[in-house]
Amino acid sequence: QVQLVESGGGLVQAGGSVRLSCGASGRTFGSYVMGWFRQAPGKEREFVATISRSGGTTKYADPVKDRFTISRDNAKNTVYLQMNSLKPEDTAVYYCAASATALIVAKTLYEYAYWGQGTQVTVSS
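As the structure is a prediction and not an experimental result, all values here were calculated from the model.

Draft legend 1. Spotlight on the state of the cysteines. This structure, assessed with the given rule, holds 1 disulfide. The disulfide bridge from cysteine 22 ends at cysteine 96, spanning 1.9 Å between sulfur atoms. An S-S torsion of about 40 degrees defines the bridge between cysteine 22 and cysteine 96 as right-handed. Linking cysteine 22 in strand S3 (residues 18–24) with cysteine 96 in strand S9 (residues 92–99), this pair joins segments that are 74 residues apart in sequence. Look at cysteine 22 and you get buried, because its relative accessible area is 0%.

Following this line, the structure appears as structure tokens:
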């Protein structure tokens, strides 16, 4: 089992940047596929990015491609989401998630058994 804690959210102006971090408990962080999801008010939680266990494979949702970068440091038990060129429509609660069963990467909610509590990112216009 793994526990996840996100940090780094806040208020940022459109065009700005924010880096989210997600720290994981336990000594088996490298055995999990990691993902970031977000949920805006009144909307369903949606996929943002995912990274394989080694960090060698990443996938992104189309709205964030070329603006966001997911990375991980297995020695620090941490996954990151670097968000650049932020837009008001990026405003949401951002969640990190861990999957022990995904094959390489995972884009759907249902593949993830472990979730953090979320961190709010608000982008002002």
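Draft legend 2. Spatial organisation of the nonpolar core. By size, the foremost hydrophobic cluster in this structure holds 37 residues, and its most contacted members are Trp36, Val79, Leu81, Met83 and Tyr94. Elements supplying a minimum of two residues to this core: S3, strand S4 (33–39), strand S5 (46–51), strand S7 (68–73), strand S8 (78–83), S9 and strand S11 (119–124).

Draft legend 3. Quick peek at the sheet that holds S7. Across the sheet, which stays open at both edges, the 4 strands sit in the order S1-S3-S8-S7 with antiparallel pairing between neighbours. The open sheet has two edge strands with one neighbour each: strand S1 (4–7) and S7. Looking at each pair of strands side by side, their axes are set apart by 15 degrees on average, direction ignored. With 6 bridges joining them, S3 and S8 adopt antiparallel strand pairing.

Draft legend 4. A look at the environment of aspartate 90. Within the secondary structure, aspartate 90 is located in the loop between S8 and S9. On a C-alpha basis, the gap between aspartate 90 and serine 54 in space is 27 Å, while along the polypeptide they are 36 residues apart. Setting aside residues no more than four positions away along its own chain, aspartate 90 makes contact with Arg38, Arg67, Phe68, Ser85, Val121 and Val123. A distance of 2.7 Å separates the side chain of aspartate 90 from the side chain of arginine 67, its partner in a polar contact.

Draft legend 5. Quick peek at the pattern of salt bridges. Scanning the model with the defined rule gives 4 salt bridges in all. The shortest N-O distance in the salt bridge between glutamate 46 and arginine 38 comes to 2.7 Å. Note that arginine 38 is salt-bridged to aspartate 90, the shortest N-O span being 2.9 Å. Taken together, the residues span a long stretch of sequence, with arginine 38 in strand S4 and aspartate 90 in the loop between S8 and S9 at a distance of 52 residues. You'll find arginine 38 and aspartate 90 in the same group, each marked buried.

About the cut-offs
- Per chain, the residues get numbers from 1 upward, laid out in the order the sequence is written.
- Totals for whole chains, interfaces and linings use every residue, but because this is a predicted model, local features are given only for residues with pLDDT of at least 70 and side-chain atom pairs only at 80 or more, for both listing and counting.
- In computing side-chain values, all of the structure's heavy atoms are included and hydrogens and water are not.
- By definition, disulfides here are pairs of cysteine sulfur atoms that lie within 2.5 Å.
- A run of H or I in DSSP becomes a helix once it reaches four residues, and a run of E becomes a strand once it reaches two; helices and strands are each numbered from the N terminus.
- The classification of residues rests on relative accessible area computed with a 1.4 Å probe and restricted to protein chains. Under 20% of the type maximum is buried, over 50% is exposed, and intermediate values are partly exposed.
- Definition of nonpolar core: a set of buried residues of the types Ala, Val, Leu, Ile, Met, Phe, Trp, Tyr and Cys, connected through side-chain atoms within 4.5 Å.
- Two strands are said to pair when DSSP picks up at least two bridges between them.
- Every axis corresponds to a line fitted to the C-alpha atoms, with the helix fit spanning only the stretch in contact, and the corresponding angles, defined between N-to-C directions, vary from 0 to 180 degrees.
- Working rule for contacts: check all heavy atoms of both residues, and any pair within 4.5 Å makes them a contact.
- In protein, a polar contact requires one atom able to donate a hydrogen and another able to accept it; more generally it is a pair of N or O atoms within 3.5 Å, and residues adjacent in sequence count only if both atoms are side-chain atoms.
- Here, a salt bridge means any Lys or Arg side-chain nitrogen found within 4 Å of an Asp or Glu carboxyl oxygen.

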